[in-house]
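Survey of secondary and tertiary structure
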Amino acid sequence: VNDERRESRLRQGAQGTLFMIGLGLAICLAGLLVAALMVRVMT
Amino acid sequence: VSIILRPGADDLRLIGFYLGKVLLGLGLVMLVPAVVALGMQEWNSASAFVIGASLAIAAGAASDARLATRRPLTWAHGMVIVALAWLVGAIFAAIPMYLSGRFSDPLGALFEAMSALTTTGMSVIHDLDHTPVSEDFYRHLLQFAGGQGIVIVVLSLFAAGGARIATLYAAEAREERILPNFIRTARFIFLVAGTFLVLGTAALYVSLLVAGFTPTRAFYHAINLFFASFDTGGFSVMQSSMMYYHSISVEIVVMLLMLAGTMSFGLHFALWNGNPREVFRHIETRTLAVTSSLLFLGVCFGLLRAGTYDGVEAVFRKGFFTLVSAVSSTGHQVNAGETFLTDWGTLAPAAIVAAMAIGGMASSTSGGIKGIRVGLAFKTLVHDIRRLLLPEAALVVTTYHAGKRRILRDEVSRAATTVLLLFVVTYLVGAVVGLAYGEFDITQTLFESVSVGSNIGISIGVVSPEMPDGLMLVYTIQMWLGRLEYVAVFALVGYLISLARGRAKA
């Protein structure tokens, strides 16, 4: 039972880290899109 | 009639005992670069670290031997210990720096040590590009130690555990209790940091190899870059900071690490427990999402208006990176400090200053006013306006989401707005002191004052090894105040006053 719990915690931890990385990439992508739009509009 | 009580010998003994533990931990941290120095055959640096570590460990061992006590900590003790720990810790951490001979005077070394421990990242070191490996590693390691909280590190290693550590924890401006047990909280913090250490260093290592670094140098730069980025510190191995690498993949990995570092440990905990919804509902995430989006529009508009950059890539790599560096309070730079003044126009640097003032999330390693305080201050404003517009008898209730739905209470509003105001006052005081020297204009002094007061580290060029001593001292105090978010420092001042003027205990 302990092994199972440890494994599920590990999996959740890995998912949490992946989510964080995904969120970071999404923020960067949003920044890139805004930059592209602003350049389009202003130049 | 004075009703303050003078602290007794017991209280001072307790404070000394815990300070000793912090110094012992710091001494052990100094042994790591000492080993690196011996391995690299950097004899001068090795002797500096051995002397520094010996002094810190001796002070810690002496307090352990002479002052050991089992008395429980009170809130006041916790506050005083934390305020003193960052001050005394910085003084001890500065010893090997001064002995290395890379600073003009002891004040310069103290500035650098405070900058490292508070994860600010401003530097007054001479000739950074030719600093020995061990000394550079020490600067970055101090950011890690300071970022993860020296107090937490030491207590999670040495103390027996239990509720009395709670006071130390809250005083360090990280009030959020993630887990009921503080030792477990500290372990969780290190688990998250450890995971990102492995992933981040590996990603940086590969990016640097692709950029043309040799394997050894890539590893050395990767580990230092990780410390500086995830702990939102902002020191760099090279004088030219991020510009040195000319690599978009390095910049993106660093941005991801900065964003992860500015995320509060409460939210990391929610993620690690399979609750990603919390991230989107939390008042702090929402506040920072709104303010940062608006500020990025300001940066883009300013840069394009001033004609600084014209392509999408330049606006993203310079403007967006600098904004992330400011919001996360890291301080990595992708352009020389002077260009903020000469090339960036006025709107874009102003937006960066605003982003620096707001900073990142509470209970993370980032500095500044913090998203939660800005969010709560805004809610308070809306609350007051609603109360004005509704009939007097109406009961106005405002709520916000932080872990769960909470009611905005008066004392919460007051605490948030008071600290917000104190930050603004210190930003202005630092700017005025800078102006008094007559060498800089208001744009420069305000930019730099906000940057040190929020523990950011983006420099417009005021901070340098040749800067005036008085200003260096003011900036050192600003970094200390900003990191502890005032309350602990005020508790220390109050304690000193009661020591001088209080009534003896019956």
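Residues numbered from 1 in each chain as written. Chains lettered and ligands numbered in written order. Predicted model: local features only at pLDDT ≥ 70, side-chain atom pairs only at ≥ 80, totals over all residues. Heavy atoms only, no water.

**Focus on the side chain of Thr131 of chain B**
Residue and element names in this part refer to chain B. Locating Thr131 in the fold gives a position in the loop between α4 (106-117) and α5 (133-147). What makes Thr131 buried here is its relative accessible area of 10%. A polar side-chain atom of Thr131 sits 3.4 Å from the main-chain carbonyl oxygen of Asp127. Within the structure, Thr131 has its side chain in polar contact with the backbone oxygen of Leu128 (distance 2.9 Å). The residues touching Thr131, leaving out its near neighbours within four places in the chain, are Arg102, Ile125, His126 and Asp136. (Helix = DSSP H or I, 4+ residues; strand = E, 2+ residues; numbered from the N terminus. Buried < 20%, exposed > 50% of the residue type's maximum accessible area, 1.4 Å probe, protein only. Polar contact = N/O pair within 3.5 Å; in protein donor to acceptor, adjacent residues only side chain to side chain. Contact = heavy atoms within 4.5 Å.)

**Notes on the interface of chain A and chain B**
The partner chain B presents 29 residues to the 21 residues of chain A that form the contact. Of the roughly 2200 Å² buried at the junction of chain A and chain B (both faces included), carbon and sulfur atoms supply 87%. Linking chain A with chain B are zero residue pairs in polar contact (both at pLDDT 80 or more), by the criterion used here. A per-class count over the side of chain A that touches chain B returns 14 nonpolar, seven polar and no charged. (Buried area = accessible area lost by both parts, 1.4 Å probe. Nonpolar A, V, L, I, M, F, W, Y, C, P; charged D, E, K, R; others polar.)

**As for the environment of Trp75 of chain B**
With respect to the helices, strands and loops of the structure, Trp75 of chain B is situated in helix α3 (residues 75-99). When the C-alpha atoms of Trp75 of chain B and Leu294 of chain B are compared, they prove to be 39 Å apart, with 219 residues separating the residues in sequence.

**Quick notes on the confidence of the model for chain B**
Where the model shows low pLDDT, its predicted coordinates should not be examined in detail. For chain B, per-residue confidence averages 89 on the pLDDT scale, and residues scoring 70 or more make up 92% of the total. Confidence drops under a pLDDT of 50 for residues 154-165 of chain B, and excluding neighbours within four residues, the segment shows 22 contacts in the predicted structure. (pLDDT = per-residue confidence, 0-100.)

**Some remarks on the packing of aromatic side chains**
Applying the stated criterion across every chain yields a total of 21 aromatic pairs over all chains. Judged by centre distance (6.0 Å) and plane angle (75 degrees), the ring pair of Phe19 of chain A and Phe280 of chain B falls under edge-to-face. With one member in each of two chains, Phe19 of chain A in helix α1 (residues 2-42) and Phe280 of chain B in helix α12 (residues 277-281) form a pair that bridges those chains. Here Phe19 of chain A falls in the partly exposed class, since its relative accessible area comes to 25%. With 4.8 Å between their ring centres and 70 degrees between their planes, Phe340 of chain B and Trp344 of chain B make a pair best called edge-to-face. Look at Trp344 of chain B and you get buried, because its relative accessible area is 0%. Taken together, the ring pairs in this structure connect Phe137, Phe144, Phe196, Phe226, Phe227 and Phe230 of chain B into an aromatic cluster. The ring of Phe235 of chain B is capped by Arg139 of chain B, whose NZ or CZ atom sits 4.1 Å from the centre of that ring. (Phe/Tyr/Trp six-rings, centres within 6.5 Å; stacked < 30°, edge-to-face > 60°. Lys NZ or Arg CZ within 6 Å of the ring centre and 35° of its normal.)

**Some details on helix α17 (residues 371-389) of chain B**
Residues and elements named next belong to chain B. Relative to the 27 Å expected for 19 residues at 1.5 Å per residue, α17 spans 27 Å between its end C-alpha atoms, a close match to the ideal helical length. Every buried residue of α17 is listed here: Gly371, Ile372, Arg373, Val374, Gly375, Leu376, Ala377, Thr380 and His383. Along its buried surface, α17 packs onto α13 (283-306), α16 (347-358), β1 (399-402) and α18 (410-436). (Expected span 1.5 Å × (residues − 1).)

**A few points about the pattern of salt bridges**
Residues and elements named next belong to chain B. On inspection of all chains with the given rule, the structure shows eleven salt bridges over all chains. A salt bridge links Arg71 to Asp11; its shortest N-O distance comes to 3.4 Å. Of this pair, Arg71 sits in the loop between α2 (43-67) and α3 while Asp11 is found in helix α1 (residues 9-40), placing the two residues 60 residues apart along the sequence. Glu251 is the salt-bridge partner of Arg317, the closest N and O atoms lying 2.9 Å from each other. One end of the pair, Arg317, is in helix α14 (residues 312-327); the other, Glu251, is in helix α10 (residues 248-262), and 66 residues separate them in sequence. Accessibility assignment for this pair places Arg317 and Glu251 in one class, buried. One continuous salt-bridge network, built from bridges that share partners, spans Asp10, Asp11 and Arg71. (Salt bridge = Lys/Arg side-chain N within 4 Å of Asp/Glu carboxyl O.)

**Quick look at the nonpolar core**
Looking at soluble globular proteins, one finds that nonpolar side chains tend to be buried together. All names here are of chain B. Membership of the largest hydrophobic core comes to 143 residues, with the highest contact counts inside it found for Leu204 and Met356. Filtering out sequence-adjacent residues up to four positions away, Met356 remains in contact with Ala326, Gly368, Tyr427, Phe447, Val450, Ser451, Ser454, Ile456 and Ile458. Formed by eight residues, the second largest nonpolar core is a distinct cluster that contains Ala362, Leu376, Leu408 and Ala416. (Core = buried A, V, L, I, M, F, W, Y, C linked by side-chain atoms within 4.5 Å.)

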